[in-house]
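Residues per chain are reported as follows:
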Amino acid sequence: MSNQPLDSSVPVRSGEELPIEALASFLKSQRADLRGTLTVEQFPGGFSNLTYLLKMGDQELVLRRPPFGAAIKTAHDMEREYRVLSALQPHFPKIPEPLVHCDDPTIIGAPFYVMTRVRGVILRNRLPKGMTIEPATFRGLSEASIACLADLHSVDLATSGLIQMGKPEGYVERQVRGWTKRYQAARTEDAPSLKIVSDWLAANMPSTQRACFIHNDFKYDNLVLNPDQITDVLAVLDWEMATVGDPLMDLGTSLAYWGELKDPDALKPFSLTWMPGNMNRQEVVEHYVKLRGGVEPGELLYYYVFGVYKIAGIAQQIYHRFRAGYTKDPRFGALIYAVKACELMATKALEKDRISQLF
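In this text the structure is predicted, and so the values were computed from the model without any measurement.

Caption draft 1: Region of the structure containing empty space enclosed by the protein. One pass over the full model with this rule turns up four cavities of 30 Å³ or more. For the largest cavity, the calculated volume is near 90 Å³. Together, 13 residues line the largest cavity, and Ala256, Tyr257, Trp258, Leu267 and Met345 are the ones closest to its centre. Elements represented by at least two residues in the lining of the largest cavity include exactly α7 (247-257), α9 (300-323) and α11 (335-352). Looking at the lining of the largest cavity, the element that brings in the most residues is α9, giving three residues.

Caption draft 2: Examining the sheet that holds strand β4 (residues 98-102) more closely. On the basis of which strands lie adjacent, the open sheet formed by five strands has the order β1-β2-β3-β5-β4 and antiparallel pairing. In this open sheet, the two strands that pair with only one neighbour each are β1 (38-42) and β4. Adjacent strand axes in the sheet meet at a mean angle of 25°, parallel and antiparallel pairs treated alike. Two elements, β4 and strand β5 (residues 112-116), share four bridges in a ladder whose sense is antiparallel. In the strand pairing of β5, His101 is matched with Tyr113. Across the sheet, helix α2 (residues 78-88) is in contact with β3 (59-65), β4 and β5; its angle to β4 comes to roughly 160°.

Caption draft 3: Spotlight on helix α6 (residues 195-203). Every buried residue belonging to α6 is among Val197, Ser198 and Leu201, and all of these are buried. Projected down its long axis, α6 carries its buried residues within an arc of 95°, all on one side. Structural note: α6 exposes Ile196 and Ala203 on the side pointing more than 90 degrees away from its buried face. Taken together, the buried residues of α6 touch α5 (171-186), α9 and α11.

Caption draft 4: Broad picture of helix α8 (residues 281-292). Across its twelve residues, α8 extends 17 Å between first and last C-alpha, which sits within 8% of the 16 Å expected from 1.5 Å per residue. What α8 keeps buried is the set Arg281, Val284, Val285, His287, Tyr288 and Val289. Where α8 is buried, its residues meet α3 (135-153), α7, α9 and α11. The residue sitting at the N-terminus of α8 and contributing the capping side-chain oxygen is Asn280; that oxygen lies 3.1 Å from the backbone nitrogen of Gln282. Downstream of α8 by one or two residues, Gly293 has phi in the positive range, about 70°.

Caption draft 5: Looking closely at the layout of surface pockets. Estimates place the volume of the second largest pocket at around 610 Å³. What lines the second largest pocket is a set of 24 residues, among which Gly45, Arg124, Asn125, Arg126 and Arg331 lie closest to the centre. For the lining of the second largest pocket, the class distribution of residues is 14 nonpolar, four polar and six charged.

Caption draft 6: Representation of the packing of α7 against α8. Their axes nearest at 11 Å, the elements α7 and α8 cross at an angle of 150°. Taken together, the axes of α7 and α8 are roughly antiparallel relative to one another. Considering only the axes of α7 and α8, their crossing is right-handed. Residues Pro247, Leu248, Leu251 and Leu255 of α7 lie in contact with α8, whose contacting residues are Arg281, Val284, Val285, Tyr288 and Arg292. Residue composition of the contact of α7 with α8, grouped by class: seven nonpolar, no polar and two charged.

Rules behind the numbers
All residue numbers here refer to positions counted from 1 along the written sequence of the relevant chain. Local features in a predicted model are, by the rule used here, given only for residues with pLDDT of at least 70; side-chain atom pairs are given and counted only at 80 or more, and totals for whole chains, interfaces and linings are based on all residues. For the side-chain quantities, the full set of heavy atoms in the structure was used; hydrogens and water were omitted. For each structure, a 1 Å grid was placed over the protein atoms alone; sets of points admitting a 1.4 Å probe that cannot get out are labelled cavities, open sets with protein on both sides within 12 Å along at least five of seven lines are labelled pockets, and lining residues have an atom within 4 Å of a point. Grid points are joined across faces, edges and corners, and a volume is the space filled by probe spheres set on the points. Working definition: helices are DSSP H or I runs of at least four residues, strands are E runs of at least two. Numbering for both runs from the N terminus. For two strands to count as paired, DSSP must find a minimum of two bridges between them. All axes are obtained by fitting lines to C-alpha atoms, using only the stretch in contact for helices, and the reported angles, taken between N-to-C directions, cover 0 to 180 degrees. Two residues qualify as a contact provided that any one of their heavy atoms is within 4.5 Å of a heavy atom in the partner residue. Residue exposure (1.4 Å probe, protein chains only): buried if accessible area is under 20% of the type maximum, exposed if over 50%, otherwise partly exposed. Directions are taken from the helix axis to each C-beta atom, and the arc is the one they span. One less than the residue count of a helix, multiplied by 1.5 Å, gives the span that helix is expected to have. We define a polar contact as two N or O atoms separated by no more than 3.5 Å, with the added condition that, inside protein, one atom must be a possible hydrogen donor and the other a possible acceptor, whereas residues neighbouring each other in sequence contribute only through side-chain atom pairs. Under the convention adopted here, Pro, Cys and the residues Ala, Val, Leu, Ile, Met, Phe, Trp and Tyr are nonpolar, Asp, Glu, Lys and Arg are charged, and Gly plus all remaining residues are polar. Throughout, the term roughly parallel applies to angles under 35 degrees, roughly antiparallel to angles over 145, roughly perpendicular to angles from 65 to 115, and oblique to all others. What makes a crossing left-handed is the near helix being turned counterclockwise from the far one by less than a right angle; a clockwise turn instead makes it right-handed.

In C-alpha cells, the structure reads:
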C-alpha cells in the first residue's frame, strides 16, 4: 500500500482568497521559525470551516477560518477549536499540533488558527486517482477508525482538563432541542419537514447519561491515514464541534455518516464506508461495544436517528447559505438532496426499528 497519493490542495476558490501580505506579516510576528515567501492554496473537501495550505520556506501549515457568510458563532469558534487541540495534545496524540491563534478579524477578515500539516491520505467522496483498496483492507480500516473513536472516548476528562469544554448534564436534550431549532430556522421552501423525526426524538429521550470528550463529526474524510499502511490513523481533523457529551451521541453521528451499499446515492459522498469490505452500521456498534462495553447494541436506534437528523440540519444550514448567495461552491447546491435522503433514512430506521440494512 506504499506510495499512495497524499491529500492535495488546489487553487483557492473564487471569493475565498486570503490577504497574503497581511497574513505573512502576522505569522512571522508570531513565530520566529517562519521565514520566506507565503503561498496559499485550499483543501477542496469539507462543507463547513474553510481549510487552507500555507507554505513558507520548507514548512507546510494548515489554516482554518469560518466560512464566508456564517453567523453561527458557536459552530465556527476558532479560539475554542484551538483550545481543544491544545488540551487534547498530551492525551490523544492523533491530532495536528496547534501553533497560532488569532482573534483579530482585521488580519484576514475573520478569526483563524494555524496548525501543523499532517501529510497522509484522506478518503473523501471517491478514491484518489490511481488508488485501490481491497475489501480486506477496508475491513481493517473500518475497525481501526472505530478503535480510534473509542480511544478518544476513553480520554480522562479530569486529568486532561477537557471537562471545562462542555456541560455533560442534559446534553442529549440540549442537542435535540438545538438542532430542531436550527433546522427549522434554515428551512427553505424545497426542504422536507422532518417533523415526525423531531417529534419522536423529543418524546423518546434516553434517561441514561454518559459523559466523555466527543468529536461530533467523526468520519473517514476527517481522518489522515498512513500512506504506507492505510489502516493506520495518523490524525483526526476538524474539531469544531467537539465537546463534553454523551459518547453514544458521537457514535450515532458517525453511524449516520456511515453509508451502506443500498443507501441513497445522495448520502454516499459523505463517506466511502459503503464500499465492499467495510463493516455495516450494526457491525460498527458491535465493534465499539466490544472495545468499550457498557452499551447494549439495541440502544443505538435513538442515537442513530438523532445523527441523521443532525446531518440534515447541517446540510440544510449550508444549503441555506448557498441559496442566500454567501458561497458559490456548487457542492452546496446539491445538499438539498442529502436533506431529503436523511428524511428517508430516519423514517426507514423508525419503521424497521433498526439502524442497518434499511433497503
